[in-house]
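Chain residues, written in single-letter form:
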Amino acid sequence: MNQLFDVSTTSRNMVSKFLSGYNLDQLNTIPEGFSNNLIWNIGHIIVSQQLLVYKLSGLPMMVSDELVEKYKKGTKPEHIATQAEVDEIKSLLFETIQQTKVDYDNKIFKNYMEYTTSTGDHVLRNAEDAMAFSNFHEGLHIGIMMSIRKFI
């Protein structure tokens, strides 16, 4: 499980460079041909990890219902993220992974509601499966973000 957390931390380090390397307007820009922007992708990976690991384990999430509604699967940017929202997302980027590791080490993930991912061929049966899939999912969104940055 330590390797999953190491991969997640590496992923989040890559994502943090987008937050520090682009201004608010750039983070909110949706380039032609794309359906989302950098900040949506970042918020989405945070919210998705929380939903997959915590909500499906029947545990309270570290993200607000408001963030979930803005960034969950099936949403798209329908608002301009404020600097305050970007700052909140920035603070959650590492806090969520660090707390997940603490909670995993404290063995709080006891139950899990089995979930078939949108790819259709991944069935998540526990928090470990959820973290592994979350890492894969984050990699996909980092790829999208790398494409978006070429156009902003």
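Residues numbered from 1 in each chain as written. Predicted model: local features only at pLDDT ≥ 70, side-chain atom pairs only at ≥ 80, totals over all residues. Heavy atoms only, no water.

Going by an unreviewed UniProt entry, the protein chain carries the name DinB family protein and comes from Flavobacterium limicola.

(A) Just the side chain of Thr100, in detail. Along the chain, the position of Thr100 falls in helix α5 (residues 83-105). When its relative accessible area of 1% is taken as the criterion, Thr100 is described as buried. Setting aside anything within four residues of it in sequence, one finds Thr100 in contact with Phe5, Gln49, Gln50, Val53, Tyr54, Met62, Phe109 and Met131. (Helix = DSSP H or I, 4+ residues; strand = E, 2+ residues; numbered from the N terminus. Buried < 20%, exposed > 50% of the residue type's maximum accessible area, 1.4 Å probe, protein only. Contact = heavy atoms within 4.5 Å.)

(B) Focus on the pattern of salt bridges. For the structure shown, the criterion picks out six salt bridges. Here Glu69 and Lys72 are joined by a salt bridge, their closest N and O atoms 3.2 Å apart. One salt-bridge network, in which partners are shared between bridges, spans Glu66, Lys70 and Glu85. (Salt bridge = Lys/Arg side-chain N within 4 Å of Asp/Glu carboxyl O.)

(C) Just the nonpolar core, in detail. Within the largest apolar cluster, 23 residues are counted, with the highest numbers of intra-cluster contacts made by Val15, Leu19, Ile39, Ile42, Ile46 and Tyr71. Elements represented by at least two residues in this core include exactly α1 (2-21), α3 (38-53), α4 (65-71), α5 and α6 (127-148). A total of seven residues in this core trace back to one element, the largest contributor, which is α3. If we skip the residues at most four places from it in the chain, Tyr71 touches Ile39, Trp40, Gly43, His44, Val47, His79, Ala81, Glu85 and Ile89. Leu124, Ala127, Met131 and Phe133 belong to the second-largest nonpolar core, a separate cluster that totals 13 residues. (Core = buried A, V, L, I, M, F, W, Y, C linked by side-chain atoms within 4.5 Å.)

(D) Up close: unusual backbone geometry. We note that Lys107 has phi near 55°; this positive angle belongs to a residue other than glycine. Here Lys107 lies in the loop between α5 and β1 (115-116).

(E) Geometry of the environment of Thr75. Here Thr75 lies in the loop between α4 and α5. Each C-alpha atom, one on Thr75 and one on Asn36, is 9.3 Å from the other, the two residues being 39 residues apart in sequence. Dropping the residues within four chain positions of it, Thr75 is found in contact with Trp40, Glu69 and Lys70. One polar contact links the side chain of Thr75 to the main-chain carbonyl oxygen of Lys70, over a distance of 3.1 Å. (Polar contact = N/O pair within 3.5 Å; in protein donor to acceptor, adjacent residues only side chain to side chain.)

(F) Spotlight on the packing of aromatic side chains. According to the stated counting rule, one finds five aromatic pairs in the structure shown. Ring centres of Phe5 and Tyr104 lie 6.1 Å apart, and the angle between their planes is 55°; this geometry places the pair in the tilted category. With a gap of 99 residues between them, Phe5 in helix α1 and Tyr104 in helix α5 connect regions that are remote in the sequence. Classification of Phe5 as buried rests on a relative accessible area of 3%. (Phe/Tyr/Trp six-rings, centres within 6.5 Å; stacked < 30°, edge-to-face > 60°.)

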